[in-house]
Amino acid sequence: MPSVTSGTVLVTGASGYIGTWIVRYLVAHGFSVVVAARNDGQGEFLENRFPEFEGKVTHVNIADISKVGLAWGARSEAPS
């Protein structure tokens, strides 16, 4: 299996202890990171938590990832 050395990664739980270190590791190793947030306020807080990575960490609002369809997006294999 080839090694992945760059790209964009979605991280949930980025406000927690382990999530913070995962974000730092990914950015330090060349990845862009999108952190999942429940609203814009939390998203902006998470982006500002990593000022040394300005432009490499952004956020997306996901109100409730447990709802069917949100996690699957528009993928055709989403359960009904």
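So, here's what we can say about the structure. Keep in mind it's a predicted model, so treat the numbers as computed, not measured.

Focus on the side chain of Thr20
Within the element layout of this structure, Thr20 appears in helix α1 (residues 17-28). Given the relative accessible area of 7%, Thr20 is considered buried. Those residues within four positions of Thr20 in sequence are excluded, and the remaining contacts are Ala14, Ser15, Arg49 and Phe50.

Considerations on α1
Taking 1.5 Å of rise per residue, the 12 residues of α1 would be expected to cover 16 Å, and the 17 Å separating its terminal C-alpha atoms lies within 8% of that figure. Considered for burial, the residues of α1 that qualify are Gly19, Thr20, Val23, Leu26 and Val27. Taken end-on, α1 shows its buried residues confined to a sector of 135 degrees, consistent with a single buried face. For α1, exposure combined with an orientation more than 90 degrees from the buried face picks out Tyr17, Ile18, Trp21, Tyr25 and Ala28. Packed against the buried residues of α1 are β1 (7-11), β2 (31-37), α2 (40-49) and β3 (57-61). Phi turns positive one or two residues past the end of α1, at Gly30, with a value near 95 degrees.

Let's talk about the pairing of β3
Relative to β3, β2 runs parallel, the two sharing five bridges. Residue Ala36 lies in a different strand from β3, and its bridge partner there is Val60. The parallel pair β2 and β3, bridged by α2, forms a crossover whose chirality is right-handed.

Let's talk about the pairing of β2
For β2, a buried count of six out of seven residues is recorded, marking the element as mostly surrounded by other parts of the structure. Taken together, β1, α1 and β2 form a β-α-β motif whose crossover is right-handed.

Here we look at the pattern of salt bridges
When their charged atoms lie close together, side chains carrying opposite charge are able to pair. Counted under the stated rule, the structure contains one salt bridge. In this structure, the salt-bridge partner of Glu52 is Arg24, at a minimum N-O distance of 2.3 Å. Note that Glu52 is positioned in the loop between α2 and β3 and Arg24 in helix α1, a separation of 28 residues in sequence.

Describing the nonpolar core
Val11, Ala14, Val23, Val27, Val33, Val35 and Val57 are the most contacted members of the largest nonpolar core, which totals 13 residues. Every element with two or more residues in this core is listed here: α1 and β2. A total of four residues in this core trace back to one element, the largest contributor, which is β2. Each residue touching Val23, except ones within four places of it in the same chain, is listed here: Val11, Ala14, Val33, Val35, Phe50 and Val57.

Cut-offs applied
- Residues numbered from 1 in each chain as written.
- Predicted model: local features only at pLDDT ≥ 70, side-chain atom pairs only at ≥ 80, totals over all residues.
- Heavy atoms only, no water.
- Helix = DSSP H or I, 4+ residues; strand = E, 2+ residues; numbered from the N terminus.
- Buried < 20%, exposed > 50% of the residue type's maximum accessible area, 1.4 Å probe, protein only.
- Contact = heavy atoms within 4.5 Å.
- Expected span 1.5 Å × (residues − 1).
- Arc of directions from axis to C-beta.
- Pairing = 2+ DSSP bridges.
- Right-handed = clockwise from strand over helix to strand, strands pointing away.
- Salt bridge = Lys/Arg side-chain N within 4 Å of Asp/Glu carboxyl O.
- Core = buried A, V, L, I, M, F, W, Y, C linked by side-chain atoms within 4.5 Å.

None of this, on its own, says anything about what the molecule does.
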